[in-house]
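Coordinate inspection notes
Listed here are the chains, written in short residue letters.
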Amino acid sequence: MLLDVNDLTREFIRRGKTFAAVDHVSLTLDSGQLLAIVGRSGNGKSTLLNMICGLLRPTSGTVTIDGVRVDVLNDRELSRLRNRTIGFVTQGQTLLANLTVIDNVMLPATFFPADPASHTILDPRPASTSDDPIRVRAMALLESLGVADLAESYPRELSGGEMRRVSIARALINEPKLVIADEPTGDLDAQSTEIVMRLLRRVADDGAAVLMVTHDADALPYADRVYTMDAGRLAERDTANHGV
Ligand SMILES: Nc1ncnc2c1ncn2[C@@H]1O[C@H](COP(=O)(O)OP(=O)(O)OP(=O)(O)O)[C@@H](O)[C@H]1O
């Protein structure tokens, strides 16, 4: 099992009262699976994802990724895990404005190579940039997301949907074992949604575990399991109508 969330709770205080934004949530996810969580705004989905990838400490409960307890790691260990093992597609726009699209996508691989022996920031770049395996992989990802022609553009020149697709390419560059996607098709049209969901499905079929939060009914048929989140509690939904 790649992801094991066990009895996870996160409390916040609002107007002097404690409430559980995530309330005793347990779930497991294996390599090769794509799991979707749906739920109305404010029901705790982002809080759950943030605890899973170590951005937020739980009040109680545990998160284990690939055998490592995330909730007890120090900052240094966490950033290693986040860069090597987890690909996180966030809701917000997080591309760096002064880098081109291709350099944005390559950035995580340059700082934190998936295989420590393959490439480090101290290595000289290959004589020809077309030989650089990271660049080749970055271009292939942009290609599969239909935005390869934007490789030399800057983020300010892109639409919201294009930025989102570039962010997805960046999240996949290090071949993460766990992909976490917060509304990956949020601002995409039907055709782009299909491109993104087919890619996430393929990433799962190739052996990653994919956890996605979505409001998008068009994204659900690609999931193996669908959960709903309501007032911090997670429940499995009947997936009979959502099989691929
Ligand atoms: N740092 C915080 N302090 C206090 N309350 C918080 C904090 N972060 C989140 N909350 C509250 O916890 C609840 C769950 O928030 P969360 O962002 O996880 O919801 P969500 O389901 O992801 O919503 P959305 O779909 O709009 O992103 C909300 O009521 C929110 O106001």
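To be clear, the structure that these remarks concern was listed above.
Here the structure is a predicted model, which means the values were calculated and not measured.

1. Things to note about the nonpolar core
Within the largest apolar cluster, 44 residues are counted, with the highest numbers of intra-cluster contacts made by Leu-34, Leu-142 and Val-166. Breaking this core down by element, the ones donating at least two residues are β3 (34–38), α3 (101–111), α4 (133–144), α5 (160–172), β7 (178–182), α6 (190–205) and β8 (209–213). For Val-166, the contacting residues outside a window of four places in its chain are Leu-95, Val-101, Val-105, Leu-142, Val-147 and Leu-158.

2. A word on the pattern of salt bridges
Taken as a whole, this structure holds 8 salt bridges when the rule is applied. The shortest N-O distance in the salt bridge between Lys-177 and Asp-66 comes to 2.7 Å. Placement of Lys-177 in the loop between α5 and β7 and of Asp-66 in the loop between β4 (60–65) and β5 (68–69) is noted, with a sequence separation of 111 residues between them. Judged by relative accessible area, which is 36%, Asp-66 ranks as partly exposed. The shortest N-O distance in the salt bridge between Asp-205 and Arg-201 comes to 2.9 Å. Of this pair, Asp-205 and Arg-201 both sit in helix α6, 4 residues apart, roughly one helical turn.

3. Side note on the sheet that holds strand β1 (residues 3–14)
Reading across from one edge, β2-β1-β4-β5 is the order of the 4 strands in this open sheet, with antiparallel pairing throughout. Edge positions in the sheet fall to β2 (17–29) and β5, since each has one partner strand and no second. Here β4 pairs with β5 via 2 bridges, running antiparallel. Note that in β5 the partner of Thr-64 across the bridge is Arg-69. Across the sheet, helix α1 (residues 45–52) lies against β1, β2 and β4, angled at about 125° from β1, the strand it touches most.

4. Brief notes about the pairing of β3
Taken across its 5 residues, β3 has 5 buried, putting it largely inside the fold. Across the two faces of β3 the burial is the same, with Leu-34, Ala-36 and Val-38 and Leu-35 and Ile-37 all buried. Relative to β8, β3 runs parallel, the two sharing 4 bridges. Among the inter-strand pairings, Leu-35 is bridged to a residue of β8, identified as Leu-211. Note: β3 against strand β9 (residues 225–230), 4 bridges, orientation parallel. For Val-38, the partnering residue across the bridge sits in β9 and is Thr-228.

5. Looking at the site of the ligand
Taken together, 14 residues sit near the ligand, with Arg-14, Ser-41, Gly-42, Ser-46 and Thr-47 positioned nearest. Contacts to the ligand include Ser-46, whose backbone N or O atom sits 2.7 Å from an oxygen atom. Contact distances for the ligand include 2.6 Å between an oxygen atom and a side-chain N or O atom of Thr-47. Within the complex, 65% of the 640 Å² of free accessible area of the ligand lies under protein.

Conventions and cut-offs
Residues numbered from 1 in each chain as written. Predicted model: local features only at pLDDT ≥ 70, side-chain atom pairs only at ≥ 80, totals over all residues. Heavy atoms only, no water. Core = buried A, V, L, I, M, F, W, Y, C linked by side-chain atoms within 4.5 Å. Buried < 20%, exposed > 50% of the residue type's maximum accessible area, 1.4 Å probe, protein only. Helix = DSSP H or I, 4+ residues; strand = E, 2+ residues; numbered from the N terminus. Contact = heavy atoms within 4.5 Å. Salt bridge = Lys/Arg side-chain N within 4 Å of Asp/Glu carboxyl O. Pairing = 2+ DSSP bridges. Axes fitted to C-alpha atoms, helices over the stretch in contact; angles between N-to-C directions. Near = heavy atom within 4 Å. Polar contact = N/O pair within 3.5 Å; in protein donor to acceptor, adjacent residues only side chain to side chain. Areas by Shrake-Rupley, 256 points an atom, 1.4 Å probe, with all protein chains shown as cover.

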